[in-house]
Structures are given as structure tokens and as C-alpha cells.
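Observations on the three-dimensional arrangement
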Amino acid sequence: MKRLTWFVSGAVAGLAGAGYAKRKVRDTAAQLAPANVAKSAVVRVRGKGHDLAEAIREGRQAQKSKESELKARLNGTAASLADELDPDDVVLVDGMPVEPGQVIVLRQVRDNEQVGPRRTSRRVRRGA
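These remarks concern the structure in this document. Bear in mind the structure is a predicted one, so any value in this text is a computation, not a measurement.

Digging into the overall build of the protein
When helices and strands are tallied, the protein shows four helices and five strands. When its helices and strands are written in sequence order, the protein yields α-α-α-β-α-β-β-β-β. When burial is assessed residue by residue, the protein has 6% of its 128 residues classed as buried. For the protein, restricting intrachain contacts to residue pairs at least 6 apart in sequence, the fraction spanning at least 24 positions comes to 50%. For the protein, the computed accessible surface area is about 11600 Å², with 57% contributed by carbon and sulfur atoms.

Written as C-alpha cells, this is what we have:
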């Protein structure tokens, strides 16, 4: 009779522990779902909501910029600045000399509806 009592109490404790663990894992998995993580981040930063919205805007802008760069490379409209320069040319960005490999030049396709001057790159020759 003692053995039967201990066996039944152990089985009940095991089932209860397994049920508790299963429920805990399910709740934690639900909390870590992407939608819930985003909601909790917004709630935590509610006082700084402007910063979060600005960060999201910047991220989307960076995404669009990178996408247009990759599309330009795929379409062949992106050009390397190093291909356009002579060996003695210097590239200036904001008045500071930079290596040609540090600059990405995208050719701009202009619609007839666009108005305004077209921006071009400037080259400065050394020794000339």
C-alpha cells in the first residue's frame, strides 16, 4: 500500500509539473512572437514615441535607398567613379579629397516632367 501511494503521488506530481512546464513554454513563445515584441517595444518607449517613429522612418528610407542602388547595379545604370577618372584626377566630396572607390555614382533618369538643373560631379585635375 505504501508503494502504491508513493507511485500515485509521484505520477500526479509528474503530470502536474509537465502541464505547468508546457503552459509556461506556450506563454513565453506567445510573448516572443514578432508582433508582441513590437507592441511591447512601443509600450516601453511610449514617452519616446517620436524617437521610435523617426527611427522607423529612417530605416525605411535607408531600405529604399539601398533598394534603388541594387536595382541600378542590376540594370547597369550604376557606374564606378574610378572608371570615369584619369589616374591624376582627384575626387572632392564637400571639399575633402576622397578615394574614387568610396563614392557611388548613380545615373539619374529624368522624366520630361522634372524641372530644375541637373547636378553633375566635379573633377579636379592635379598638375593642370
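Picking up where we left off.
Looking at the pairing of strand β2 (residues 89-93)
Inspection of the sheet shows β2 paired to strand β3 (residues 96-98) by three bridges, in the antiparallel sense. Note on β3: the bridge partner recorded for V91 is V98. Taken together, β2 and the strand that follows it, β3, pair antiparallel across an intervening segment of two residues, in which D94 is found at a positive phi of about 55°.

A closer look at the side chain of E69
Take E69: it is sitting in helix α3 (residues 49-75). Reaching out from E69, the side chain makes a polar contact with the side chain of R73 at a distance of 3.0 Å.

What to know about the pattern of salt bridges
The full count for this structure, using the stated rule, is three salt bridges. Of the charged contacts in the structure, one is a salt bridge between R73 and E69, with a shortest N-O distance of 3.0 Å. Linking R73 with E69, this pair stays in helix α3, spanning four residues, or about one helical turn. One network of salt bridges, with partners in common, ties together K66, E69 and R73.

Considering a nonpolar patch on the surface
On the surface, a nonpolar cluster with roughly 590 Å² of combined accessible area is contributed by M1, L4, F7, V8 and V12. Following the sequence through the fold, V12 ends up in helix α1 (residues 2-31).

What counts as what
- Residues numbered from 1 in each chain as written.
- Predicted model: local features only at pLDDT ≥ 70, side-chain atom pairs only at ≥ 80, totals over all residues.
- Heavy atoms only, no water.
- Helix = DSSP H or I, 4+ residues; strand = E, 2+ residues; numbered from the N terminus.
- Buried < 20%, exposed > 50% of the residue type's maximum accessible area, 1.4 Å probe, protein only.
- Contact = heavy atoms within 4.5 Å.
- Areas by Shrake-Rupley, 256 points an atom, 1.4 Å probe, with all protein chains shown as cover.
- Pairing = 2+ DSSP bridges.
- Polar contact = N/O pair within 3.5 Å; in protein donor to acceptor, adjacent residues only side chain to side chain.
- Salt bridge = Lys/Arg side-chain N within 4 Å of Asp/Glu carboxyl O.
- Patch = residues over 30% accessible without salt bridge, like charges linked within 9 Å, V, L, I, M, F, W, Y side chains within 5 Å.

Limitation: the analysis is restricted to geometry and does not speak to function.
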